[in-house]
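A structural walkthrough
So you can see what is in the structure, the chains are spelled out below.
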Amino acid sequence: MARFNFYDMNVYSVPEGKNTIEEMAALAKHFCYKGIAITNPSRSCSPEKSTLVDGLEVFSGVELNVENASKLHGLVGKYRKMVDVIVVRGGNENINRAALENSNVDVLSNCGSLKDSGMNHVLAKSANDHDVAISFDLGDIISQRGGRRVRALSNFRKNLKLVRKYDVSFTLTSNAMSYYDLRAPNELIALARLFGMTREEAISGLSTTPEKIISKNRPSANYVFEGVEIVSVPSDNALLDEGDEV
């Protein structure tokens, strides 16, 4: 597993969480993560700046939690150039739909409830069309017990079928509020197997999708626009064939 770069893209720090960025980063590095995204809710504080903590990448992020879907697009526009990762906390169909129809949203998290998985065929297709990833928040399995845990697993199974059918990008996250909640990649992969995810799919949710999100939001110096990038610019001399006069 060492050949993969693993990321947890939805982690909290103080004041929303219980531990500092440095404390969360130290444990994440111990667990062999390449990076984490600090996604404290926008209502609690300003987004943290991206930084490097003892070799571990800490990405700036924000979690948008709104009750009215009409306010979501304005908030997404406000934060898009400020952070590496925009996460929308869902939970009802209107918020879920608004998030999945906005290409500037990176991840929809906590889209379900005790009564419903939060996803359907229309929303899954929209997620694919607008390249918004669905988050499997494994903190729900870690923290819940009894019927709530069974319900969370059932919701994940339903959503897994939809993301497979419509080729939707997805992430796995511990949704950690403290370093006691943070889990190593191999633990998250094992938890994902409980609702039918393959090892390869779980690895993709911890590596490929996060890397795609960061790459999209941190274009290289040669970036022109989506799909176009300057590979190299030859010098004038390089354009001349051998034997041509200057």
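Cut-off values and rules
Residues numbered from 1 in each chain as written. Predicted model: local features only at pLDDT ≥ 70, side-chain atom pairs only at ≥ 80, totals over all residues. Heavy atoms only, no water. Salt bridge = Lys/Arg side-chain N within 4 Å of Asp/Glu carboxyl O. Helix = DSSP H or I, 4+ residues; strand = E, 2+ residues; numbered from the N terminus. Buried < 20%, exposed > 50% of the residue type's maximum accessible area, 1.4 Å probe, protein only. pLDDT = per-residue confidence, 0-100. Contact = heavy atoms within 4.5 Å. Pairing = 2+ DSSP bridges. Phe/Tyr/Trp six-rings, centres within 6.5 Å; stacked < 30°, edge-to-face > 60°. Core = buried A, V, L, I, M, F, W, Y, C linked by side-chain atoms within 4.5 Å. Axes fitted to C-alpha atoms, helices over the stretch in contact; angles between N-to-C directions. Parallel < 35°, antiparallel > 145°, perpendicular 65-115°, else oblique. Nonpolar A, V, L, I, M, F, W, Y, C, P; charged D, E, K, R; others polar.

What to know about the pattern of salt bridges
Scanning the model with the defined rule gives 9 salt bridges in all. For Lys212, the salt bridge is made with Asp131, and the minimal N-O distance between the two is 3.3 Å. Placement of the pair is Lys212 in helix 9 (residues 208-217) and Asp131 in the loop between helix 4 (121-130) and strand 7 (133-137), with a sequence separation of 81 residues. Classification of Lys212 by relative accessible area gives partly exposed; the value is 38%. For Asp131, a relative accessible area of 34% corresponds to the partly exposed category. Connected through salt bridges with shared partners, the residues Arg80, Asp106 and Lys216 form a single ionic network.

Considerations on the confidence of the model for the protein chain
Parts of the prediction with low pLDDT should not have their coordinates interpreted in detail. On average, residues of the protein chain score 89 in pLDDT, and 88% of them reach the 70 mark or higher. Mean pLDDT values for the elements of the protein chain range from 41 in strand 9 (residues 223-225) up to 98 in helix 8 (residues 199-206). Segment residues 221-228: pLDDT under 50, and 7 contacts once partners within four positions in sequence are set aside and those in other chains are kept. Segment residues 238-246 is flagged for pLDDT under 50; beyond a separation of four residues in sequence, or across chains, it makes 2 contacts in the model.

Regarding the environment of Ile38
By the secondary structure assignment, Ile38 is in strand 2 (residues 35-38). Given the relative accessible area of 0%, Ile38 is considered buried. Ile38 sits 23 residues away from Gly61 along the chain, and the two C-alpha atoms are 5.4 Å apart. Contacts of Ile38, omitting those with residues within four sequence positions, involve Val11, Ser13, Ile21, Glu48, Val58, Phe59, Ser60, Gly61 and Val62.

Quick word on the pairing of strand 8 (residues 170-173)
Burial along strand 8 is two-sided: Phe170 and Leu172 facing one way and Thr171 and Thr173 facing the other are all buried. Bridge count between strand 7 and strand 8: 4 bridges; the pairing is parallel. Looking at strand 8, one finds that Phe136 is bridged to Leu172.

Notes on the packing of aromatic side chains
Evaluated as defined, the whole model comprises 7 aromatic pairs. Between Phe4 and Phe6, the aromatic rings sit 6.1 Å apart at their centres with planes inclined by 40°, giving tilted as the arrangement. Look at Phe6 and you get buried, because its relative accessible area is 3%. Their ring planes at 90° and their centres at 5.6 Å tell us that Phe136 and Phe170 sit as a pair that is edge-to-face. On the criterion of sequence distance, the pair formed by Phe136 in strand 7 and Phe170 in strand 8 is long-range, its members being 34 residues apart. An aromatic cluster is built from Phe136, Phe156, Phe170 and Phe195, whose rings are joined through pairwise contacts.

Topic: the nonpolar core
Among the nonpolar cores identified, the biggest contains 59 residues, and Phe136, Leu138, Phe195 and Met197 are the most heavily contacted of them. The greatest single-element share of this core, amounting to 5 residues, is contributed by helix 6 (residues 146-165). With residues near it in sequence (within four places) discarded, Leu138 still touches Phe156, Leu172, Thr173, Leu188, Leu191, Ala192 and Phe195. Counting residues in hydrophobic clusters, the runner-up holds 10 residues, among them Tyr7, Met9, Val85 and Ala133.

What to know about the packing of helix 8 against helix 9
Axis separation between helix 8 and helix 9 bottoms out at 3 Å; the angle between their running directions is 25°. Classed by the angle they form, the pair helix 8 and helix 9 counts as roughly parallel. Residue-level contacts link Ile203, Ser204, Gly205 and Leu206 of helix 8 to Thr208, Thr209 and Pro210 of helix 9. For the contact of helix 8 with helix 9, the per-class residue count stands at 3 nonpolar, 4 polar and no charged.

With respect to the packing of helix 3 (residues 93-100) against helix 4
Look at helix 3 against helix 4: their axes get within 8 Å of each other, and the N-to-C directions meet at 25°. Considered as vectors, helix 3 and helix 4 are oriented roughly parallel to each other. When helix 3 is examined against helix 4, the residues Asn96, Arg97 and Leu100 are found in contact with a partner set consisting of Leu123, Ser126, Ala127 and His130. Its residues assigned to classes, the contact of helix 3 with helix 4 comprises 3 nonpolar, 3 polar and 1 charged.

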